[in-house]
Amino acid sequence: MAELTDTTVKTSPQIYVVGVAFILFHIAALGVFYTGVSTPALIVLAVSYFVRGFGITAGYHRLLAHRSFQTSRFVQFLFAFAGCQAFQGGPLWWVAHHRSHHRHTETHEDIHSPRTKGLWQSHMGWMMHNEAFNEKGANTRDLHKFPEIKFLQRYYVWVILGEIPAFYGLGVLLNMLFPEAGTSGLQILVCGFFLCTVLLWHATFMVNSVCHMWGSRGYETEDTSTNNLFVAAVALGEGWHNNHHQYPLSSRHGLHWYQIDLTWYLLRTLKFFGLVSNLKLPKEFRPAGEN
Ligand SMILES: [Zn+2]
Ligand SMILES: [Zn+2]
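Basis of the calculations
Residues numbered from 1 in each chain as written. Chains lettered and ligands numbered in written order. Predicted model: local features only at pLDDT ≥ 70, side-chain atom pairs only at ≥ 80, totals over all residues. Heavy atoms only, no water. Salt bridge = Lys/Arg side-chain N within 4 Å of Asp/Glu carboxyl O. Helix = DSSP H or I, 4+ residues; strand = E, 2+ residues; numbered from the N terminus. Buried < 20%, exposed > 50% of the residue type's maximum accessible area, 1.4 Å probe, protein only. 1 Å grid on protein atoms, 1.4 Å probe; cavity = no way out; pocket = protein on both sides within 12 Å on 5 of 7 lines; lining within 4 Å. Points joined across faces, edges and corners; volume = space filled by probe spheres on them. Nonpolar A, V, L, I, M, F, W, Y, C, P; charged D, E, K, R; others polar. Donors = N, O, S within 2.8 Å, 3.2 Å for Na, K, Ca; no water. Tetrahedral: all angles 85-135°; square planar, octahedral: opposite > 155°, others 65-115°. Expected span 1.5 Å × (residues − 1). Bend = angle between axes of the 7 residues up to and from the residue.

This next bit is on the pattern of salt bridges. Side-chain pairing between opposite charges can occur once the charged atoms of the two side chains come close. Applying the stated criterion to the full structure yields six salt bridges. Note that Arg62 and Glu238 form a salt bridge whose closest N and O atoms lie 2.6 Å from each other. Taken as a pair, Arg62 in helix H3 (residues 39–65) and Glu238 in the loop between helix H10 (229–234) and helix H11 (241–246) lie far apart in primary sequence, 176 residues in all. Accessibility classification places Arg62 together with Glu238 in one group, the buried group.

Here the focus is the layout of surface pockets. Here the largest pocket defines a volume of roughly 530 Å³. As for the largest pocket, its lining consists of 22 residues, and the residues nearest its centre are Val17, Val18, Phe87, Tyr156 and Val157. Those elements giving two or more residues to the lining of the largest pocket turn out to be helix H1 (13–30), helix H8 (147–177) and helix H9 (185–208). The class makeup of the residues in the lining of the largest pocket is 17 nonpolar, five polar and no charged.

Looking at the zinc ion (ligand 1), one finds its protein donor set to be His101 (NE2), His212 (NE2), His241 (NE2) and His245 (NE2), positioned 2.0 to 2.1 Å from the metal centre. In this structure, the zinc ion (ligand 1) is surrounded by four donor atoms whose angles at the metal cover 97 to 137°, and the resulting shape is irregular. Summarised as a motif, the one-chain spacing of the donors to the zinc ion (ligand 1) is H-x110-H-x28-H-x3-H. Taken as a pair, His212 in the loop between H9 and H10 and His241 in helix H11 lie far apart in primary sequence, 29 residues in all.

Before going further, it helps to examine H3. Between its terminal C-alpha atoms H3 stretches 36 Å, which fits the 39 Å expected from 27 residues at 1.5 Å a residue. Where H3 bends most, the angle comes to about 25°, and this point is Gly59. Across the 27 residues that make up H3, a large majority, 20, are buried. Just downstream of H3, Arg67 is the residue with a positive phi angle, here 50°.

Overall, the coordinates contain one cavity of 30 Å³ or more when judged by the stated rule. When its volume is computed, the largest cavity comes out at roughly 290 Å³. Around the largest cavity, the lining comprises 22 residues; the ones closest to its centre are Gln88, Trp94, His98, Thr204 and Asn208. At the level of elements, H3, helix H5 (91–103) and H9 are the ones that each hand at least two residues to the lining of the largest cavity.

Here it is as structure tokens:
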């Protein structure tokens, strides 16, 4: 009798953690119907959204993944720290997958391509597959020279866990300072942490799903990436994804004045204050006189 070979692929325990977290966070976000909202809660939600969002777009994506501008180690750390708060994985994991997406766009190795894997998997289902955690990170070696980035990769979960008492405590404090505003620790925790995380998840995930399905194409790239105004608005400029596939090293994704790109506006502002430099642009979009 032939010996049976065990070809079962061991399921990564992280898949279950991600799946449970997705479900729990969506339920907790719906808690807003129980806690209600208040002016402080809306302000905290907005600030939290922009800080964590820019951590992903300017930090994880345009700085760490594409090195599309330069900054100090300290500012780089702050960007990465803000990105960690968004609960989208540690910086090295995020960068490894994103670089892989650019390298293997819409081939079988692109684990979040809606063309080859379907809309659900491209949006968030891919994080519940083994491949999402098999990435060896060989394409992030250039970032290994930064021990602080490796530290964040290792301990980013503690950053997220630390946010829970921080947001709750902030709510208690705001309620003490402005009792007439009608906020609470639970309300700030739900709005600033859970609801914000879920909204930002879907904004980011839409770049992988929607921006490879629906929108306009200014460039005939070899993939099916699109420019999508709605995604650009909610994902702080990342929805100009066809531009981005055409010019992946550009720090500016909304290449025309009418293409709103909040991350680019932030980078220009930070450049004005001397905090970032060498904002890379495609040759044809550089101001006259710059090479
Ligand atoms: Zn893409
Ligand atoms: Zn990219």
